[in-house]
Structures are given as C-alpha cells and as structure tokens.
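Geometric and topological summary
One-letter residues, chain by chain:
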Amino acid sequence: MPSQGRQVREEARGMPPMPPSSLRDSEAMTPSSEAEMCERAVQAIWRCLDEHDLLDEHGRSDLAMVLEPLTVLAFGNRPQRLINTLRLPNPIDASQLYWLTRRLLTLIPELQAAAIAFAKPGRNPTPPLA
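Residues numbered from 1 in each chain as written. Predicted model: local features only at pLDDT ≥ 70, side-chain atom pairs only at ≥ 80, totals over all residues. Heavy atoms only, no water.

Section: the overall build of the protein chain
From N to C terminus, the protein chain includes six helices and zero strands. Going residue by residue from the N terminus, the α and β elements of the protein chain occur as α-α-α-α-α-α. In the protein chain, the proportion of contacts linking residues at least 24 apart, taken out of those at least 6 apart, comes to 57%. (Helix = DSSP H or I, 4+ residues; strand = E, 2+ residues; numbered from the N terminus. Contact = heavy atoms within 4.5 Å.)

Written as structure tokens, this is what we have:
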C-alpha cells in the first residue's frame, strides 16, 4: 500500500496513485500506444525516485525495461543513454546517480507533453523536443 505522503505527491502531480507492484505487474503488458508508453515511463520514473530504487541494481533494471520502448520515439539518444546508465552494476557512482536523477527529472515533462501530443486526434507523429 502506498504511503499517505506518496499518495499526496502523486495527486499533486495529477497522477492517480499507483499500486506498489504496478511496475512489475505492468511489465508483462505492452502499452498499446505511444501516449501510454510515455505515461507508463513517467509513472515508473516517479515510483523509482519515490522509493529510492535508483540505488538498487534490480530497481534500475526494471526502469530500464520500461524506458526501452522510448528509444523508437523522437527523443534522440537520451533514452538509450539513460538505459545504459541504469544498467550499470552496483555500486553506482554518486556522480552517475546524480546525473541519472537529473536526466530522469528533466525527461518527465517531455514525456508528459509527448503523451498529450500522441493522444490528440490528427497528431504530429513526433513528440515536441525541448
């Protein structure tokens, strides 16, 4: 069960609370659209940051799997760079952890904007890049 503080943070971000096992359960499901891929990635990033999973090699590996489908979208090489860093073995260097955290946080608004753009009828096939 998510903590009350976590639910408040998720509601403040405009996202419904995500059950703690959602990332692992949803790995078996393939998102049916680009918008869903982006939203799933946003939720997985927030979960990892909230639960400090970036410190855990298994948690980073789970997040890398969620980000893999983003490599085919118009985000340049950033998803692949994030995936490569996420797959580093433990212990992850503090400077790499800092870089990873910052890049994930800057990717979130772009993913959210892309999800909105992908969800619109008659949309442009490439998401906006910042």
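Comments concerning helix α6 (residues 94–119)
With 26 residues, α6 should reach 38 Å at 1.5 Å per residue; the first-to-last C-alpha distance of 37 Å fits that figure. Along its length, α6 reaches its greatest deviation from straightness, about 25°, at isoleucine 108, and the proline proline 109 lies no more than four positions downstream. Those residues of α6 that sit buried are Leu97, Trp99, Leu100, Leu104, Leu107, Ile108, Glu110, Leu111, Ala114, Ala115 and Phe118. Where the residues of α6 are buried, they touch α3 (34–50), α4 (57–67) and α5 (78–86). (Expected span 1.5 Å × (residues − 1). Bend = angle between axes of the 7 residues up to and from the residue. Buried < 20%, exposed > 50% of the residue type's maximum accessible area, 1.4 Å probe, protein only.)

Description of the packing of α4 against α5
The description of two packed helices rests on the angle between their axes and on the distance between the axes. One can describe the packing of α4 onto α5 by two numbers: an axis separation of 9 Å at closest approach and a directional angle of 160°. One element, α4, and the other, α5, form an angle in the roughly antiparallel class. Where α4 crosses over α5, the handedness of that crossing is left-handed. Residue-level contacts link Arg60, Ser61, Leu63, Ala64 and Leu67 of α4 to Pro79, Leu82, Ile83, Thr85 and Leu86 of α5. (Axes fitted to C-alpha atoms, helices over the stretch in contact; angles between N-to-C directions. Parallel < 35°, antiparallel > 145°, perpendicular 65-115°, else oblique. Left-handed = near helix turned anticlockwise from the far one by under 90°.)

Examining the packing of α3 against α4
Where α3 contacts α4, the two axes come as close as 9 Å, and the packing angle between them is 165°. It follows from the interaxial angle that α3 and α4 lie roughly antiparallel. When the axes of α3 and α4 are compared, the crossing they make is left-handed. Between α3 and α4, the residues in contact are Arg40, Ala41, Ala44, Ile45 and Cys48 and Gly59, Leu63, Val66 and Leu67, respectively. A class-by-class count of the residues in the contact of α3 with α4 yields seven nonpolar, one polar and one charged. (Nonpolar A, V, L, I, M, F, W, Y, C, P; charged D, E, K, R; others polar.)

Here's the deal with the nonpolar core
Soluble globular proteins: nonpolar side chains tend toward being buried together. Judged by nonpolar contacts, the single largest core of 32 residues is most densely connected at Cys38, Leu54, Leu63, Leu67 and Leu111. Broken down by secondary-structure element, the contributors of at least two residues to this core are α3, α4, α5 and α6. Not counting the four nearest positions on each side in its chain, leucine 63 is found in contact with Ala44, Ile45, Cys48, Leu54, Leu86 and Leu104. (Core = buried A, V, L, I, M, F, W, Y, C linked by side-chain atoms within 4.5 Å.)

Let's talk about the pattern of salt bridges
A full pass over the atoms with the stated rule returns four salt bridges. Salt-bridge contacts for glutamate 51 lead to arginine 47; the nearest nitrogen and oxygen are separated by 3.0 Å. Between arginine 78 and glutamate 110 there is a salt bridge, and its shortest N-O distance comes to 2.7 Å. Taken together, the residues arginine 78 in helix α5 and glutamate 110 in helix α6 connect sequence positions 32 residues apart. When salt bridges with common partners are traced through the structure, they connect Arg47, Glu51 and Asp53 into a single cluster. (Salt bridge = Lys/Arg side-chain N within 4 Å of Asp/Glu carboxyl O.)

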